[in-house]
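Analysis of the macromolecular model
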Amino acid sequence: MNEIKQPDMPVSASVLGADLMRLGEEIEMAKRVGVQWIHCDHMDGHFVPNISFGPSFLAAIRKKTDLFLDVHLMLEHPMDFIDIYAKAGADLICVHAEAKDDPEKVIKAIKAHGIGAGIAIKPATSPEAIEHLLPLCDMVLVMLVEPGFGGQGLRQDCMDKLPVLRQMIEKLGKPVIVEVDGGVKTGNAGEVLEAGAQMLVMGTGFFGAEDPQSVADAVCREARACGL
Ligand code: DX5
Ligand code: ZN
């Protein structure tokens, strides 16, 4: 089993915020400015009220880049798609605790492929609801917005979960990366990292920025200031 390491650059650039007609160039640009993780959102129109990309989209990205592919499945039935996304080239697959399949079984199916597994929680789900799953996971993804759309404002009420999760993980004594998703920008990255996040998913905050290099540099500075 591969151990998933926290990368030096704590940004997972979300392609939902990229210019899709220039996706190859956008991913090359992300790599050039030091980004190591690419975040890919997959939605089914049921679990969330939107549809985004499918496995062939991920396979196309995999052919073009060696960056770490952080796959976020917003699917009602993720179990049906684990083998497919693993074969398409995911390095880590994150599934929602609120999905209809048993999360423990889904996480074990992901780990059987020798890749990383993550558990995601929507704003209404507490850290306690997934505490028993942390020993099986490499990452926990805390949604700071209702999943489904990029470009929303971060919900402050979700931030309280971050120190709680960091404590749970410390008690566990095994590395589990705390990632946040939704509404993260240069202006709030410091606050989010300070609260306990270790990886920041950034869609519009990165690809939509005038100068993504300065976003990457600013996030790195904030992360170093927090001791990451
Ligand atoms: C939303 C997705 C996010 C999205 C974030 O449901 O899970 O990954 O790309 O976009 P921003 O960073 O624009 O809020
Ligand atoms: Zn996402």
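Residues numbered from 1 in each chain as written. Chains lettered and ligands numbered in written order. Predicted model: local features only at pLDDT ≥ 70, side-chain atom pairs only at ≥ 80, totals over all residues. Heavy atoms only, no water.

**Brief notes about the sheet that holds strand β4 (residues 92–96)**
The cut-off we apply is this: For two strands to pair, DSSP has to find at least two bridges joining them. Secondary structure elements are taken from DSSP: a helix is a run of H or I of four residues or more, a strand is a run of E of two residues or more, and numbering for both begins at the N terminus. Inter-axis angles, ranging from 0 to 180 degrees, are taken between N-to-C directions of lines fitted to C-alpha atoms, where helices are fitted over the stretch in contact. Contact criterion: two residues are considered in contact whenever any of their non-hydrogen atoms come within 4.5 Å of each other.
Overall, parallel pairing links the eight strands, which are arranged β1-β2-β3-β4-β5-β6-β7-β8 in a closed barrel. Ignoring which end each strand starts from, the neighbouring axes of this sheet average 25° apart. Sheet analysis places strand β1 (residues 11–14) next to strand β8 (residues 199–202), joined by three bridges and oriented parallel. Counterpart to Val 11 in the pairing with β8 is Leu 200. Across the sheet, helix α4 (residues 103–111) lies against β4 and β5 (116–121), angled at about 150° from β5, the strand it touches most.

**Quick word on helix α5 (residues 161–172)**
In plain terms, the rule: Expected helix span is given by 1.5 Å per residue-to-residue step, counting one fewer step than there are residues. For every residue, the accessible area (1.4 Å probe, protein chains only) is compared with the maximum for its type, and the residue is labelled buried under 20%, exposed over 50%, or partly exposed between those bounds. Directions pointing from the helix axis toward each C-beta atom define the arc.
With 12 residues, α5 extends 16 Å from end C-alpha to end C-alpha; this agrees with the ideal 16 Å at 1.5 Å per step. Of all the residues in α5, the buried ones are Lys 161, Leu 162, Leu 165, Met 168 and Ile 169. Buried positions in α5, seen along its axis, are confined to an arc of 125° and lie on one side of it. Exposed side chains of α5 directed beyond 90 degrees from the buried face belong to Gln 167, Glu 170 and Lys 171. Following α5 by one or two positions, Gly 173 adopts a phi angle in the positive range, close to 75°.

**A look at the layout of surface pockets**
Heads up, the condition is: Throughout, the protein atoms alone are placed on a 1 Å grid, and a set of points is a cavity if a 1.4 Å probe fits but cannot get out or a pocket if it is open with protein on both sides within 12 Å along at least five of seven lines; lining residues have an atom within 4 Å of a point. Grid points are joined across faces, edges and corners, and a volume is the space filled by probe spheres set on the points. Only Asp, Glu, Lys and Arg are considered charged in this grouping, and only Ala, Val, Leu, Ile, Met, Phe, Trp, Tyr, Cys and Pro are considered nonpolar; every other residue, Gly among them, is considered polar.
Taken as a whole, the largest pocket holds about 220 Å³ of empty space. In this structure, the largest pocket is lined by 24 residues; those nearest its centre are Phe 149, Gly 150, Gly 151, Asp 181 and Gly 182. Of all the elements in the fold, those that place two or more residues in the lining of the largest pocket are β2 (37–43), β3 (68–74), β8 and α7 (204–207). The residue makeup of the lining of the largest pocket, split by class, is 10 nonpolar, 12 polar and two charged. Lining the second largest pocket are 14 residues; nearest its centre among them are Met 43, Asp 44, Leu 75, Phe 81 and Tyr 85. Split by residue class, the lining of the second largest pocket holds seven nonpolar, five polar and two charged.

**What about the pattern of salt bridges?**
Threshold: Criterion for a salt bridge: a side-chain nitrogen of Lys or Arg within 4 Å of a carboxyl oxygen of Asp or Glu.
Throughout the structure, instances matching the rule amount to 11 salt bridges. The salt bridge partner of Arg 155 is Asp 157, with a shortest N-O separation of 2.8 Å. Judged by relative accessible area, which is 31%, Arg 155 ranks as partly exposed. The partly exposed category is assigned to Asp 157, whose relative accessible area is 48%.

**What about helix α2 (residues 55–64)?**
Considered for burial, the residues of α2 that qualify are Phe 57, Leu 58 and Ile 61. Projected onto a plane normal to the axis of α2, the buried residues spread over an arc of 100° and lie on a single side. Counted as exposed and oriented over 90 degrees from the buried face of α2: Ser 56 and Lys 63. The elements touched by buried residues of α2 are α1 (23–32), β2, β3 and α3 (82–88).

**Describing the nonpolar core**
Keep this limit in mind: Here, the term nonpolar core denotes a set of buried Ala, Val, Leu, Ile, Met, Phe, Trp, Tyr and Cys residues that are joined through side-chain atoms within 4.5 Å.
Core analysis: the largest hydrophobic core is formed by 69 residues, its most contacted members being Ile 93, Leu 200 and Phe 206. Ranked by residues supplied to this core, first place goes to helix α8 (residues 212–225) with five residues. Setting aside chain neighbours within four positions, we find Leu 200 in contact with Pro 10, Val 11, Ser 12, Val 180, Val 184, Ala 189, Val 192, Leu 193 and Val 219. The next biggest cluster of nonpolar side chains, apart from the first, holds 12 residues, and it includes Trp 37, Phe 68, Val 145 and Met 199.

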